[in-house]
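The primary structure of each chain is shown beneath.
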Amino acid sequence: MTQDELKQAVAEAALAYIRPHLENDTVLGIGTGSTANRFIDCLADIKGMIGATVASSEASAERLKGHGIPVLDLNAVDRVDFYIDGADESNRALQLIKGGGGALTREKIVAAVADKFICIADESKLVNTLGAFPLPVEVIPMARGHVARELVKLGGDPVYREGFVTDNGNIILDIYNYPIPQALATEEKINGITGVVTNGLFALRPADVLLLGTEEGVRTLYPE
C-alpha cells in the first residue's frame, strides 16, 4: 500500500471508530494536515449525524465548510467529544510530535478540551524514541533569538522556519538533532522558556488511541 492509501485507511477506520457514538449534538475536534484532510473528506458522508466541529486551523475550517459541515469557535462549545488528528511521530506511550504543518498550538488546545483524542497515522510514524522528526516550537516573534539560544543550551539545533507565520501570528523554530527520551520533562522544560507559546510535544496530553495504518491493515494501539 502507498502512504496515501494508508492515510485513507486510517481515516476510514477513525470514522468507523466514532460512528457508533455519534449523536446529533456530538462535537468533533478536527486536526490539521494531510491525514486529517482524509478524515474530513470521509466525514462529509455522515455530516447529518453530528452537531458541529471545532477546527485546529483555518485550513481545516475551510475544508470542513466546503463540505457543508458546521464549524464553531471553541469558545462556543462546552465540550469536544472526540478529537481526531494525525501526528508526525508517536512513541508506544502515544506521546506525539505534532506541528509539522504549524498548527501545534491550536491542536494542543483542542486536544486539551477533548474527552477522547484519536490519533490517525501510518506505520512510518511509530518510533521507539521521539525526535527524528524536528520538534516545532511556536514562538513570539520578538523572542526568536532568545528562545533559539535557550534551545541550543538544551542540546538542540533550532532552525527558523522561513516565510511561515502561524494562524496566531507567531513564528516557528524547528529543533533538529534532538532525541527526546523523556518527553514529559522536555515538554515542560521548553514551555518554560520565556517567549515560547508552546512546543509540538503532546506528552502531557497524549493520544488515547492510535489507529495505525500498516500493510496488514489498521492496528488499534493504546498507551503502553
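Residues numbered from 1 in each chain as written. Predicted model: local features only at pLDDT ≥ 70, side-chain atom pairs only at ≥ 80, totals over all residues. Heavy atoms only, no water.

Novice: Give a detailed account of a nonpolar patch on the surface, specifying residues and quantitative values.
Specialist: Taken together, Ile140, Met142 and Val197 make up a surface patch of nonpolar side chains, about 310 Å² in accessible area. Structurally, Val197 is set in strand E10 (residues 196–199). Judged by its relative accessible area of 33%, Val197 falls in the partly exposed class. (Patch = residues over 30% accessible without salt bridge, like charges linked within 9 Å, V, L, I, M, F, W, Y side chains within 5 Å. Areas by Shrake-Rupley, 256 points an atom, 1.4 Å probe, with all protein chains shown as cover. Salt bridge = Lys/Arg side-chain N within 4 Å of Asp/Glu carboxyl O. Helix = DSSP H or I, 4+ residues; strand = E, 2+ residues; numbered from the N terminus. Buried < 20%, exposed > 50% of the residue type's maximum accessible area, 1.4 Å probe, protein only.)

Novice: If you had to explain the sheet that holds strand E7 (residues 135–139) to someone new, which residues and values would you point to?
Specialist: In any sheet, the strands associate via hydrogen bonds between backbone groups, in a parallel or an antiparallel arrangement. Taken in spatial order, the four strands of this open sheet run E8-E9-E7-E10, and their pairing is antiparallel. Two strands in the sheet have a free side with no partner beyond their single neighbour: strand E8 (157–160) and E10. Sheet twist, expressed as the mean angle between neighbouring strand axes with direction ignored, is 30°. As paired elements, E7 and E10 share three bridges and run antiparallel to each other. Counterpart to Val139 in the pairing with E10 is Val196. Along the sheet, helix H4 (residues 104–113) contacts E7, strand E9 (171–176) and E10; its crossing angle with E10, the most-contacted strand, is approximately 70°. Here helix H5 (residues 144–153) sits on the sheet in contact with E7, E8, E9 and E10, set at roughly 15° to E9. (Pairing = 2+ DSSP bridges. Axes fitted to C-alpha atoms, helices over the stretch in contact; angles between N-to-C directions. Contact = heavy atoms within 4.5 Å.)

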